[in-house]
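The residues making up each chain are set out below.
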Amino acid sequence: AEYRAYSIASSPYDHKRIELHIGLFEKGVVSTYIHEYLKQGDGLAVRGPFGDFFYRDTGRDILLIATGTGLAPLMSILRKIRMDGSRRTITLFFGTQYQKDLYCVDELREMEKSLHAFTYVPTLSREAGDSGWTGERGRVTDLISRRIPEGADIDVYICGNAEMVDSCEDLLGRKSIPQDQIYYDKFS
């Protein structure tokens, strides 16, 4: 049997299903099986949940940072916050290479309307200059540099590849965001 760790995207209040965001990786045994062979009704063995990447209700404003399928646990956090009716100010920096790689866009745009103070900021690192994209360009680390003030009193949740998480953590530290207010899930 092959096992892989995936972050849960569904709300913790949803006890009838588990939503996972699973990218297709070249030569990925499990992702290839899931994308190309798994059919509705097939059985899977599931273990967990494990880990310590979860929402903390501190009252501080929130910065969420993700790349790729790192969006999954941040969607869970956002869905929980929506169900709780929280009044916290929340910003999501979501980075992909191309506009075609953005997902959950309709739900995130709806959350901008339904949550108290939520801003969705997608950024593209490789989108062609003539594509018509009018949003942010560059990496999520560029957004930290441009948009997060020195000493901001925020909780930060970061999810994605280890290099991106480490870069974000370093930049946030240089902006005097305390280490104990930064939570992350690194993909290896």
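Residues numbered from 1 in each chain as written. Predicted model: local features only at pLDDT ≥ 70, side-chain atom pairs only at ≥ 80, totals over all residues. Heavy atoms only, no water.

Caption draft 1: Structural detail: the overall build of the protein. In terms of helices and strands, the protein carries 5 helices and 6 strands. Viewed in the frame of its principal axes, the protein has a C-alpha envelope of about 50 × 40 × 30 Å. Counting over 188 residues, the protein shows a buried share of 41%. If you take every contact in the protein between residues at least 6 apart in sequence, the share linking residues at least 24 apart comes to 69%. Entry remark: accessible area of the protein is about 11000 Å², with carbon and sulfur atoms responsible for 49%. (Helix = DSSP H or I, 4+ residues; strand = E, 2+ residues; numbered from the N terminus. Buried < 20%, exposed > 50% of the residue type's maximum accessible area, 1.4 Å probe, protein only. Contact = heavy atoms within 4.5 Å. Areas by Shrake-Rupley, 256 points an atom, 1.4 Å probe, with all protein chains shown as cover.)

Caption draft 2: Focus on the nonpolar core. Membership of the largest hydrophobic core comes to 28 residues, with the highest contact counts inside it found for L64, L78, L92, L108, F118 and Y157. Looking at this core, the elements that each hand over two or more residues are strand 1 (61-67), helix 2 (71-84), strand 2 (89-96), helix 3 (105-114), strand 3 (117-124) and strand 5 (154-161). Per element, the largest residue contribution to this core is 7 residues, and it comes from helix 2. In this structure L92 touches L64, L71, L74, L78, L108, F118, T119, Y120 and V121, once residues within four positions along its chain are discounted. (Core = buried A, V, L, I, M, F, W, Y, C linked by side-chain atoms within 4.5 Å.)

Caption draft 3: Region of interest: the pattern of salt bridges. Taken as a whole and judged by the stated rule, the model has 16 salt bridges. The partner of E107 in a salt bridge is R79, and the shortest N-O contact between them spans 2.6 Å. A residue pair is termed long-range when its members are at least 10 positions apart, and E107 in helix 3 and R79 in helix 2 qualify at 28 residues. Residue class for E107 comes out partly exposed when judged on its relative accessible area of 23%. Notably, a salt bridge pairs D84 with K80, separated by 2.7 Å at the nearest N-O pair. With D84 and K80 both in helix 2 and 4 residues apart, this pair spans about one turn of that helix. Look at the salt bridges and you will find they share partners, linking D14, R17, E19, R79, R82, E107 and E110 into a network. (Salt bridge = Lys/Arg side-chain N within 4 Å of Asp/Glu carboxyl O.)

Caption draft 4: Fine view of the sheet that holds strand 6 (residues 182-187). With parallel pairing, 6 strands are arranged side by side in an open sheet as 4-3-2-1-5-6. At either end of the open sheet lies a strand with only one pairing partner, and these are strand 4 (136-137) and strand 6. Where helix 3 meets the sheet, its contacts fall on strand 2 and strand 3, and the angle it forms with strand 3 comes to roughly 145 degrees. Lying on the sheet, helix 4 (residues 140-147) is in contact with strand 1, strand 2, strand 3 and strand 4; it crosses strand 2 at an angle near 140 degrees. (Pairing = 2+ DSSP bridges. Axes fitted to C-alpha atoms, helices over the stretch in contact; angles between N-to-C directions.)

Caption draft 5: Layout of the packing of aromatic side chains. As enumerated under the stated definition, the model contains 3 aromatic pairs in all. Both rings, one in F94 and one in Y103, keep their centres 5.8 Å apart while their planes meet at 85 degrees; by these two values the pair is edge-to-face. A connected cluster of aromatic rings, assembled from ring pairs, spans F53, Y157 and Y183. Over the face of the ring belonging to F54 we find R56, whose NZ or CZ atom lies 3.9 Å from the ring centre. (Phe/Tyr/Trp six-rings, centres within 6.5 Å; stacked < 30°, edge-to-face > 60°. Lys NZ or Arg CZ within 6 Å of the ring centre and 35° of its normal.)

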